[in-house]
Each structure stands twice: as C-alpha cells, then as structure tokens.
Amino acid sequence: MMQVYPKIGAEDPSLLELGPDRYERTNIPAGAPPEQPAPARLGNFDMVFTGYGDEQAVVEAMRCIHCPSPEPCILGCPVHNDIPSALLAIEEKDFDKAANIFRATHTLPEVCGRLCPQEILCEGSCTVAGFDRAVNIGKLENFCTNWQRTNKGHPMPALAPSSGRRVAVVGSGPAGLAAAEELARDGHQVVVYEEWPQPGGLLVYGIPGFKLSKEIASSKCAHLERLGVKFVCNTKVGRDIELDALRKEFDAVFLGIGAPIGHSIGLPGQDLKGVYQATEFLVRGNLPSDELPQAFKGLPEIGSHVVVIGGGDTSADCVRTARRLQIQHGFPEGQVTDYYRGAEQEMSVREEEYVHAQEEGVKYEFHASPVRFIGDDQGHVRFVEMQKMRSKPADKRQRVPIKIRIPIPGSNFTVPADIVVLAIGYGGDPLIPSRTPELKTVKPGIFQVDSQVDGATTLAGVYAGGDDVRGADLIVTAVAAGRHAAWGVESYLKTLAAPAA
Ligand code: SF4
C-alpha cells in the first residue's frame, strides 16, 4: 500500500500548506557547502567555508522533513536548539527569526555552527541521513546568525533592572562569555578577567582563523560590552590578581578558565629547540605578533619536514597551520606528517577536519608513536625516533572496547624533523587552586563542583563550569555549562542580604 506522507507542519495546523511534503523533501539533493579550494586556501588564513548564499540556504533548509516530535536533532544538540523551527524560518526567508531561535538557547551559535562535531550531535541524529547526507544544520545555524550579525547586528536582549550586584568572570572563552551574557541580562554588573591581550580566550587564541574568523569573537565581545560587561585583559588570576581579592571585591565569581595546559609527552629531547606545544605553535602561527604577549611574539619556525604528534582536532589545526606556513614562507614542497599511535578510525579528529587536512597535502601515519627527539649540536631537533604500535582492546567484555596501544619490539624507525608539534591533549591549570587551597580539585586544575547546585565549587560564592570542570571537551558543552553556572550564581545572589542602596 502506498505510504501517505503528511504535509510538513501537520502536527501544528498553523504550519500547514508550507512547502513540499516529507517524501518530496527527501528527494531534494544535498548541496555541497561552498568552500575555498585547497590550493587557494593554503595562501591565506581565511575561513575555508565561505558561507551559504541566501538561496542555497533556503534549499538546504527545505531538506528538513520536520520529524514528528520529539525531533531527534533537538535531543542531539547539547543546548537543545529548536532546530526544526529555525530551519522552517530559513525556508520562509526570515533569517532574522531563524537566528533568534538559535540565540534563544545558545550564546555562540555562529561559533558552534562551525565548530561543533555535528556528525555526532544534531546531524548525527538527523533522520534525513537515512536517505542522503544529513541536513547541514551547523552551517545553516552559522548562515542565519552571520546574516543577522552582518545585516542587523547582535539583537539587544531585554535587560533586567540593575541588581546592584557585581560578579567577576574569570576567562573569556566559551564558558566565560556564556556566563557573562546571562549574568548581564539578569541586571548584574559583570567584569571579565582575561589573561591574553584580547577578549575571546580559546576562540581567538586557540582556534585558527581558517576555521573561525577572529571577527566573530570580537563582535560577540563588543556586543557584551554594549550589555555593560567590562573586560580586563592581560590579567591572569592567580598571578596578577588573587582569587581572594576578587571574592572581596565581588559578590560572586565564576571560573571559566578552560583546560589550557598541554600535556607533557615526557620523552627524551622534548625540550630541544623546534619542539613546540600545540598552543604556542597555533598562537604564533595564526595571530599577528603585535596582538600577542612578549613570550609569544614572532612566527614559529617552519621547514621542509614538520612532524605533528596527535590524532584530534588540535593536531589537525596544527598540521593545517603548518602547511599554510610552509606555502607562505618558502617551503612549498615541504612535507607535514601527522603521526598517531592508534588506527585511522580511532582518531578523535572531526571527519571534516581530516578531509580538509588531506586536501591540503598533509600525510597521516598510523600506529606510530615517538620514542625520543634527536637534536643537533646546537640543541635543535633534527629527527624523531618512532616506534610502531598495535591497538588492543583493554577489556574485551566492553561493548565498545577502549583501546590500549602496545609497542611492537624492534620496529623503531627515524624520521627527519625541522620542527615537531605536540598535540596530545590538554589538562587543567593548577595555578588558581595552588594559590587558594580551600578551592578543591578532582585533578590538577579541574574543580570539584556540587552536582546538586549548578557549578558551585567548595568556596562559597565561587562557581565553575566548562573544561575546568569536565576536562577538555566541546565548545557547545562549555557554553551550556557557563549558562548553567550563571543560573547557580543567580540563585546564590538571591540568598545574600540586599546590597546597600
Ligand atoms: Fe548542532 Fe552544535 Fe548547533 Fe547544537 S549547537 S544545533 S549540536 S551545531
């Protein structure tokens, strides 16, 4: 018997008569998102994804079949964006309304539209993937919020009357910006402390411009300033000002300092010149010197043989930055090779990043791990001794076994390296807890919080959220944590005696 497909919006009579029915929608072909071609993009640090045009966005939005509730994509999104309603607004060419729908649940939709691993979140839950490629939700989120930002500016939210309360936010990355926006809307005076010269934290200093334009973060920070938020940059809490001083000056403090410390690889030769931690390499490779603190001024070294160690998004950022530096600084025939200790399918890198890196000429070698870095008589790295590895399930009884990697005896080999970049993961920053011992941690720089109260640490009036609680994780989960912790701060402020008039 022929399947009868309801019109889109059949669950909501006000949406009847909109567009083709579900079945017809599955026949709309997926359009490739417009990108700079690889040879051209290696000559610049501009964003690879150049953005949908209006008509392309409308057609892509029409691919959404508006599943009967509960829509799986909403559940797949950590901040539960109302994706079907936003896509319907794009289909109706009301891009402003679509952007506002995303902004209702998300502080940084133009960022996450580009950087979320959509394939395991919203798009990973998209029903259309059973027919064709999933609806390109992230890039549509990015499209409409960018459209709004460039055509109308960030919308001004309704602000609560001044509460007379002051809140310090430490860190201006995703969690800090999310908390700052929520608290400013609630009528509190918010001051954000940032150790780097510009506000934006990870969004400016950790993400290369070919993935996220610096302008997106700076326009968000400018918007927060219009809401009354103040940014104090070049100020690291625990070094330039103590947490205790903030506790005295403010009614509450939110810690959103992320997990910024690169893991040490602990191998002989790790301190040779030319061996970089990922953060230093990315910061110096992607930002102009005059925007960096003294310790990071100047381009990183580059050469014909670049070795990157790691298998995540940060290693992809490093290899792609290295390729651009090679092309733009005299090593067009140079080689960038990423060595990963596990199998190809065990890498955590997003598929999009992996494909882009390969298009840009990066080579990947699997089941290979460094043993030592070998220098010349000037103390500069020249070679890396590697060994072959094999993956083995840690416990075969697990449904998805965690893999451990075992060195293969006698398999060592040596590769040339003009520079080495280590992208093997990040941990918390232990500085603040070392200066404030009453602030308990579960691991170095990872704060203990009360699971019953949003983000409450072991110090009264001090809240935390994002990577400094969960460990290194996604931007969207940091945004969600920043918002939740702000609600925790709000509840705490209500318990305090009324401020003096
Ligand atoms: Fe998808 Fe991330 Fe946007 Fe949520 S925030 S809709 S998961 S891209």
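These figures come from a predicted structure and were not determined experimentally.

What counts, and at which threshold
- Residues numbered from 1 in each chain as written.
- Predicted model: local features only at pLDDT ≥ 70, side-chain atom pairs only at ≥ 80, totals over all residues.
- Heavy atoms only, no water.
- Helix = DSSP H or I, 4+ residues; strand = E, 2+ residues; numbered from the N terminus.
- Buried < 20%, exposed > 50% of the residue type's maximum accessible area, 1.4 Å probe, protein only.
- Lys, Arg positive; Asp, Glu negative; His and termini not counted.
- Charge placed at Lys NZ, Arg CZ, Asp CG, Glu CD.
- Pairing = 2+ DSSP bridges.
- Axes fitted to C-alpha atoms, helices over the stretch in contact; angles between N-to-C directions.
- Contact = heavy atoms within 4.5 Å.
- Phe/Tyr/Trp six-rings, centres within 6.5 Å; stacked < 30°, edge-to-face > 60°.
- Lys NZ or Arg CZ within 6 Å of the ring centre and 35° of its normal.
- Parallel < 35°, antiparallel > 145°, perpendicular 65-115°, else oblique.
- Left-handed = near helix turned anticlockwise from the far one by under 90°.
- Nonpolar A, V, L, I, M, F, W, Y, C, P; charged D, E, K, R; others polar.
- 1 Å grid on protein atoms, 1.4 Å probe; cavity = no way out; pocket = protein on both sides within 12 Å on 5 of 7 lines; lining within 4 Å.
- Points joined across faces, edges and corners; volume = space filled by probe spheres on them.
- pLDDT = per-residue confidence, 0-100.
- Domains from an automatic or database assignment.
- Buried area = accessible area lost by both parts, 1.4 Å probe.
- Disulfide = S-S within 2.5 Å.
- Arc of directions from axis to C-beta.
- Near = heavy atom within 4 Å.
- Expected span 1.5 Å × (residues − 1).

### Section: the overall build of the protein
Of regular secondary structure, the protein possesses 18 helices and 18 strands. Considering only C-alpha atoms, the protein reaches an extent of 75 × 70 × 50 Å along its principal axes. Classification of the 501 residues of the protein by burial places 53% in the buried group. Each charge class in the protein was averaged separately, 50 positive and 63 negative side chains, and the resulting centres sit 4 Å apart.

### Remarks on the sheet that holds strand S4 (residues 252-255)
In spatial order, the strands read S3-S2-S1-S4-S18; together these 5 strands make up an open sheet with parallel pairing. Each edge of the open sheet is held by one strand with a lone partner, namely strand S3 (230-232) and strand S18 (462-464). Between one strand and the next, the sheet's axes are offset by a mean angle of 20°, whatever the strand orientation. Pairing analysis gives 3 bridges linking strand S2 (residues 189-193) to S3, with the strands arranged parallel. Its bridge partner being in S3, Val192 is matched across the sheet by Phe231.

### What to know about the environment of Ala99
Note that Ala99 resides in helix H6 (residues 95-105). Considered as a pair, Ala99 and Arg149 are 50 residues apart in the sequence and their alpha carbons are 9.1 Å apart. Leave out the neighbours within four places in its chain, and Ala99 touches Cys144, Thr145 and Gln148.

### Here we look at the packing of aromatic side chains
Two measures describe an aromatic ring pair: the distance that separates the ring centres and the angle between the ring planes. Scanning the entire structure with this criterion turns up 11 aromatic pairs. Measuring from centroid to centroid gives 5.9 Å for Tyr276 and Phe281, while their planes differ by 55°, and the two rings are tilted. Across the pair, exposure class does not vary: Tyr276 and Phe281 are buried alike. Ring geometry for Tyr364 versus Phe366: centroids 6.2 Å apart, planes at 15°, classification stacked. Residue Tyr364 is classed as buried on the basis of its relative accessible area of 11%. Taking the relative accessible area as the measure of exposure, Phe366 reaches 19% and is therefore buried. By the ring-pair criterion, three or more aromatic residues cluster together here, those being Phe95, Phe143 and Trp147. One residue, Lys139, lies across the ring of Phe49, its end atom 5.1 Å from the ring centre. Seen from the ring of Phe210, Arg324 lies directly overhead, with NZ or CZ sitting 4.0 Å from the centre.

### Some words on the packing of helix H5 (residues 83-91) against H6
In a pair of packed helices, the angle between the axes and the distance between the axes together describe the arrangement. For the pair H5 and H6, interaxial distance at closest approach is 7 Å and the crossing angle is 165°. Classed by the angle they form, the pair H5 and H6 counts as roughly antiparallel. Classified by chirality, the crossing of H6 by H5 is left-handed. Listed contacts from H6 to Ile83, Ser85, Ala86, Leu87, Ala89 and Ile90 of H5 are Phe95, Lys97, Ala98, Ile101 and Phe102. Residues of the contact of H5 with H6, tallied by class, amount to 9 nonpolar, 1 polar and 1 charged.

### Observations regarding empty space enclosed by the protein
By the definition in use, this model includes 3 cavities of 30 Å³ or more. One number sums up the size of the largest cavity: a volume of about 130 Å³. Only helix H7 (109-115) and helix H15 (351-359) provide two or more residues apiece to the lining of the largest cavity.

### Digging into the confidence of the model for the protein
Confidence along the protein averages 92 in pLDDT terms, with 94% of residues attaining 70 or more. Here residues 1-18 is a poorly scored stretch, pLDDT under 50, and it has 27 contacts once near neighbours within four places are set aside; other chains count.

### Considering the domain arrangement of the protein
Considered domain by domain, the protein is made up of domain 1 (13-151), domain 2 (166-260 + 427-493) and domain 3 (264-424). The C-alpha-based centres of domain 2 and domain 3 are spaced at 30 Å. Residue-level contacts link 11 residues of domain 2 with 15 residues of domain 3. Note on domain 2 versus domain 3: buried area summed over both sides is about 1000 Å², and carbon and sulfur give 66% of it.

### Comments concerning the state of the cysteines
Enumeration according to the criterion identifies 0 disulfides in this entry. Of the cysteine sulfurs around Cys126, a residue in no disulfide, the closest is that of Cys73, at 6.7 Å. Judged by relative accessible area, which is 13%, Cys126 ranks as buried. Between Cys221, a free cysteine, and Cys233, which holds the nearest cysteine sulfur, the sulfur-to-sulfur gap is 8.1 Å.

### Examining H15
Among the residues of H15, those classed as buried are Glu353, Tyr354, His356 and Ala357. Buried residues in H15, looked at end-on, bunch into an arc of 165°, giving them a common side. Packed against the buried residues of H15 are helix H2 (38-41), helix H14 (313-328) and strand S9 (363-365). The positive-phi residue at the C-terminal boundary of H15 is Gly361, with phi of around 100°.

### Some remarks on the site of the ligand
What surrounds the ligand is the set Cys77, Pro78, Asn81, Ile83, His106, Cys112, Cys116, Gln118, Leu121, Cys122, Glu141 and Val476. Its residues assigned to classes, the shell around the ligand comprises 8 nonpolar, 3 polar and 1 charged.

### Topic: the layout of surface pockets
Space inside the second largest pocket adds up to approximately 410 Å³. At 4 residues, H15 tops the list of elements feeding residues into the lining of the second largest pocket. Counted by class, the lining of the second largest pocket contains 4 nonpolar, 3 polar and 8 charged residues.

### So, H14
Between its first and last C-alpha, H14 extends 23 Å over 16 residues, near the 22 Å set by a 1.5 Å rise per residue. A large share of H14 lies buried, amounting to 12 of its 16 residues. Those residues of H14 that sit buried are Ser315, Ala316, Asp317, Cys318, Val319, Arg320, Thr321, Ala322, Arg323, Arg324, Leu325 and Gln326. Just downstream of H14 lies Gly330, where phi reads positive at about 90°.

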